[in-house]
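# Report on the structure
One-letter residues, chain by chain:
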Amino acid sequence: IEALAARLGEEFSRAVDVLAACESKVVVSGLGKSGLVCRKIASTLASTGTPALFLHAAEGLHGDIGMLTRGDVLLAVSNSGSTEVIALLAPARRLGLPVVAMTGDPGSQLGRAADVVLDVSVAEEACPLGLAPTASTTATLALGDALAIALLERRGFSAEDFGTLHPGGAIGRRLRRVDELMHIGAELPLVGGTATMAEVLREMSSKRLGMTGVVGGDGALAGIITDGDLRRAVQE
């Protein structure tokens, strides 16, 4: 990853420019281990404000290439630069789509055909046989994250924007706003200052919030009565 960071430069900036100018969506495509990394890249792009989806390169040759539409950008990922993802280039060209390649061999067929080439080559794999994609997939994943975050900053994507796209889970709970939780209008239990306790009880039970607001003649909030207040009043 340190070696990858040292190579960042004009090509990376060009890739960010192309992706930021995308009028539709970024289609991320790869095969095998690269395909799994592509799924994560597409997911991270989508959750940080860049519409994206994953296209399995082999399935694309059997109909899924219909995911590509005018205005898209094809982000093609292949460590060797010579997998089935090559077959997606001709359809992408017919649609006039820019192609950004992430490959370990910039001189490969994919590298030569792409508009922008990002070099994700590594000196060696972590695999002692030098065969299983390990260091190369880590480098590709890191560069995909770098693209997503650079685009996030370019777009001025905020925590509020992130919360809109990520309403679930612990992150969603952290980013929820007061106006998404509060009750207003007819949902709000309210009684006047002259209401009887029986009326208070009916209002609290019907609105099911465990409390009711008490308003004065001008409609301004004068105070609240809670379930606990009622229990203590009964006890006394």
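So, here is what we can say about the structure in this document. None of the values given here were measured: they were computed from a predicted structure.

Right, let's get into the pairing of strand S7 (residues 211-215). Of all five residues that make up S7, four are buried, and the element is covered over most of its length. Of the pairings in the sheet, the one linking strand S6 (residues 190-192) to S7 comprises three bridges and is parallel in character. Bridging across to S7, Leu190 finds its partner in Gly213. With helix H10 (residues 197-207) bridging S6 and the parallel S7, this β-α-β connection has right-handed handedness.

Considering all chains together, one arrives at eight salt bridges under this definition. With a shortest N-O distance of 2.9 Å, Asp115 and Arg93 are connected by a salt bridge. You can see Asp115 sitting in the loop between helix H6 (109-113) and strand S5 (116-119) and its partner Arg93 sitting in helix H5 (residues 89-94), a full 22 residues away along the chain. A relative accessible area of 36% places Asp115 in the partly exposed class. By relative accessible area, Arg93 is classed as partly exposed at 38%.

The next point concerns helix H2 (residues 10-20). All of the buried residues in H2 are Phe12, Ala15, Val16 and Leu19. Each buried residue of H2 sits inside an arc of 100 degrees when the element is viewed along its axis, so together they form one side. Where H2 is buried, its residues meet strand S1 (26-30), strand S3 (73-78), strand S4 (99-103), S5 and helix H7 (135-155).

Here we take up unusual backbone geometry. Even without being a glycine, Arg208 presents a positive backbone phi close to 55 degrees. A relative accessible area of 74% means that Arg208 is categorised as exposed.

Take the sheet that holds S6 next. Strands sit in the order S6-S7-S8 across an open sheet of three strands; the sheet is mixed. Only two strands of the sheet have a single partner each, and these edge strands are S6 and strand S8 (221-226). Here the strands of the sheet are splayed against their neighbours by 30 degrees on average, with no regard to which way each runs.

Here we take up a nonpolar patch on the surface. Residues Leu188, Leu190, Leu221 and Ile224 make up a contiguous nonpolar surface patch of about 360 Å² in total accessible area. Of note, Leu188 is situated in the loop between helix H9 (169-175) and S6.

Here we come to the sheet that holds S4. Ordered by their spatial adjacency, five strands build an open sheet running S2-S1-S3-S4-S5, and the pairing between neighbours is parallel. Of all the strands in the sheet, just strand S2 (52-56) and S5 have a single pairing partner and so form its edges. Neighbour-to-neighbour, the strand axes of this sheet turn through a mean angle of 20 degrees, independent of strand direction. Where H2 meets the sheet, it contacts S1, S3, S4 and S5, and its direction lies at approximately 130 degrees from that of S5.

Another point: the packing of helix H3 (residues 32-47) against H7. Axis separation between H3 and H7 bottoms out at 9 Å; the angle between their running directions is 15 degrees. Classified by the angle between their axes, H3 and H7 sit roughly parallel to one another. Like other packed secondary-structure pairs, H3 and H7 cross with a definite hand, here right-handed. Judged by residue contacts, Lys33, Val37, Lys40, Ile41, Thr44 and Leu45 of H3 engage Thr137, Thr140, Leu141, Gly144, Asp145, Ala148 and Leu151 from H7. Grouping the amino acids of the contact of H3 with H7 by side-chain chemistry returns six nonpolar, four polar and three charged.

The rules behind these values
- Residues numbered from 1 in each chain as written.
- Predicted model: local features only at pLDDT ≥ 70, side-chain atom pairs only at ≥ 80, totals over all residues.
- Heavy atoms only, no water.
- Buried < 20%, exposed > 50% of the residue type's maximum accessible area, 1.4 Å probe, protein only.
- Helix = DSSP H or I, 4+ residues; strand = E, 2+ residues; numbered from the N terminus.
- Pairing = 2+ DSSP bridges.
- Right-handed = clockwise from strand over helix to strand, strands pointing away.
- Salt bridge = Lys/Arg side-chain N within 4 Å of Asp/Glu carboxyl O.
- Arc of directions from axis to C-beta.
- Contact = heavy atoms within 4.5 Å.
- Axes fitted to C-alpha atoms, helices over the stretch in contact; angles between N-to-C directions.
- Patch = residues over 30% accessible without salt bridge, like charges linked within 9 Å, V, L, I, M, F, W, Y side chains within 5 Å.
- Areas by Shrake-Rupley, 256 points an atom, 1.4 Å probe, with all protein chains shown as cover.
- Parallel < 35°, antiparallel > 145°, perpendicular 65-115°, else oblique.
- Left-handed = near helix turned anticlockwise from the far one by under 90°.
- Nonpolar A, V, L, I, M, F, W, Y, C, P; charged D, E, K, R; others polar.

That's the geometry; what it means functionally is another story.
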